[in-house]
Amino acid sequence: MSTETCHIVALAGGVGGAKLADGLYHHCGERLTIIGNVADDLELWGLRICPDLDTVMYTLAGVANPTTGWGVKDDTFAMLDMLAAYGESPWFKLGDKDTATHILRSHWLRQGMRLTEITQRLTGALGIEATLLPVTDDDVRTIVHTDEGVLDFQTYFVARRCEPVLQSIMFRGIERATLTPEVKSALKEADIVIICPSNPFVSIDPILAVENLRARLWAQAVPIVAVSPIIGGEAVKGPAAKMFRELEQEPSALAVAHHYAGLVSHFVLDERDADQRDAIEALGMHVIVTDTLMQTREDRQRLAQQILERMEYV
Ligand code: GDP
């Protein structure tokens, strides 16, 4: 099958997910659907902020800030300065251009539009031909239990810089949340599902937990490829390795494979971790060994191409 006809569905969180999604977008264009995480969304000053959806959107539109990994490139922060002048202490950074996204999203939500429709409007306006779908239109929020008590995700992640020791993670609202019709239909059409190298605990699990998507995917018997976000025992960026240490086991690609065992048919292992191949194969996965570090746009496209070629979709 070629990328001309196949449907690729990618599950993605923020920075790591967006990089591979961008590589896949280069090869698949409108054949790509990205299902994004909404459990790290937050409300600030009456605005609904969707950090993961926005990171994917800005990355695919080519306007993401390459240094921070979040926000819009060349953005300014005059609004935050004014908020500070009013005595607010803005712990969550919002650039001026970025804020336009949140203003419009919040406005449309108040008018009764679904987050799915809003995301399609925003991505369409930025010229993105792939489809970006929030996994649900319902409110789901990651809550972490830590040695410093119960914290909402962004307080833990941004304000407390992931310093508290994790004890457990829960997704508030998950039992009531439903998959959108758009997500269900994309999954029905999918020839392959790719789990991007996103944080398994706080980016991918809250996607897989909606209406027990994990079990649905498993039952669908479609090839599911996961790319390890852990290289050489460390996360490329962010707290994934620390989370493995505190919640499951020593961080490694094998630990990621264990996390997805029973779901994933193919596992993309970084060449630096090639010695873990046999142990991962023993979990019943086909292993693809390659360089998974995406430092440049070309890296993203190369990794995406290697996955698609290996799965015979190029
Ligand atoms: P967040 O929501 O912004 O933290 O983003 P994600 O959950 O999508 O991505 C975070 C994960 O991406 C981290 O665990 C990183 O190790 C991983 N990551 C970031 N860049 C790369 C990369 O170039 N290659 C791989 N394999 N993983 C990456």
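Thresholds applied
Residues numbered from 1 in each chain as written. Predicted model: local features only at pLDDT ≥ 70, side-chain atom pairs only at ≥ 80, totals over all residues. Heavy atoms only, no water. Helix = DSSP H or I, 4+ residues; strand = E, 2+ residues; numbered from the N terminus. Rg over C-alpha atoms; globule rule 2.2 N^0.38 Å. Buried < 20%, exposed > 50% of the residue type's maximum accessible area, 1.4 Å probe, protein only. Disulfide = S-S within 2.5 Å. Expected span 1.5 Å × (residues − 1). Core = buried A, V, L, I, M, F, W, Y, C linked by side-chain atoms within 4.5 Å. Contact = heavy atoms within 4.5 Å. Phe/Tyr/Trp six-rings, centres within 6.5 Å; stacked < 30°, edge-to-face > 60°. Lys NZ or Arg CZ within 6 Å of the ring centre and 35° of its normal.

An unreviewed UniProt entry annotates the protein chain as 2-phospho-L-lactate transferase originating from Ardenticatena maritima.

Asks: Just checking my understanding: could you explain the overall build of the protein chain for this structure?
Replies: Within the protein chain, the secondary structure is distributed over 13 helices and 14 strands. Its C-alpha radius of gyration of 19 Å places the protein chain within 12% of the 20 Å reference for a compact globule of 314 residues. The principal-axis extent of the C-alpha atoms belonging to the protein chain is close to 60 × 45 × 40 Å. The 314 residues of the protein chain split such that 55% are buried.

Asks: I keep staring at the state of the cysteines and nothing clicks. Help me out?
Replies: Working definition: the covalent bond between the sulfur atoms of two cysteines is a disulfide. Enumeration over the complete set of coordinates arrives at zero disulfides. Counting only cysteine sulfurs, C28 is the nearest neighbor of C6, a cysteine outside any disulfide, at a range of 5.7 Å. Judged by relative accessible area, which is 0%, C6 ranks as buried.

Asks: Sorry if this is basic, but what is going on with helix α13 (residues 297-310) here?
Replies: Side chains that are three or four residues apart share a direction in an α-helix, a result of its 3.6 residues per turn. The end-to-end C-alpha separation of α13 is 20 Å, in line with the 20 Å expected for 14 residues at 1.5 Å each. Of the residues making up α13, those classed as buried are D299, R300, Q301, L303, A304, I307 and L308. The positive-phi residue at the C-terminal boundary of α13 is E312, with phi of around 65°.

Asks: Help me out: how do you make sense of the nonpolar core in this one?
Replies: Nonpolar side chains tend to gather and get buried jointly when the protein is soluble and globular. Core analysis: the biggest nonpolar cluster contains 95 residues, and L11 and L20 have the highest contact counts within it. If one sorts the elements of this core by residue count, helix α1 (residues 15-28) sits on top with six residues. Contacts of L20, omitting those with residues within four sequence positions, involve I194, C196, P197, V227, M294, R300, L303, A304 and I307. Counting residues in hydrophobic clusters, the runner-up holds seven residues, among them L42, L44, I49 and L94.

Asks: How should I be thinking about the packing of aromatic side chains in this particular structure?
Replies: Where two aromatic rings form a pair, the distance of their centres and the angle of their planes describe that pair. This structure, assessed with the given rule, holds four aromatic pairs. Look at F201 and F244: their rings are 4.7 Å apart centre to centre, the planes differ by 70°, and that puts the pair in the edge-to-face class. Taken together, the residues span a long stretch of sequence, with F201 in helix α8 (residues 200-208) and F244 in helix α10 (residues 240-247) at a distance of 43 residues. F201 sits in the buried class, given a relative accessible area of 4%. Taking relative accessible area as the criterion, F244 reaches 0% and is therefore assigned buried. Aromatic rings pair up to connect F153, Y156 and F157 into one cluster. Lying over the aromatic face of W108, R121 brings its terminal NZ or CZ to 4.4 Å of the ring centre.

Asks: Hey, could you run me through the environment of V210 in this one?
Replies: Along the chain, the position of V210 falls in the loop between α8 and α9 (213-220). The class of V210 is buried, set by a relative accessible area of 0%. Sequence separation between V210 and I174 is 36 residues; the distance between their C-alpha atoms is 6.1 Å. Contacts of V210, omitting those with residues within four sequence positions, involve V135, T136, I174, A177, T178 and L179.

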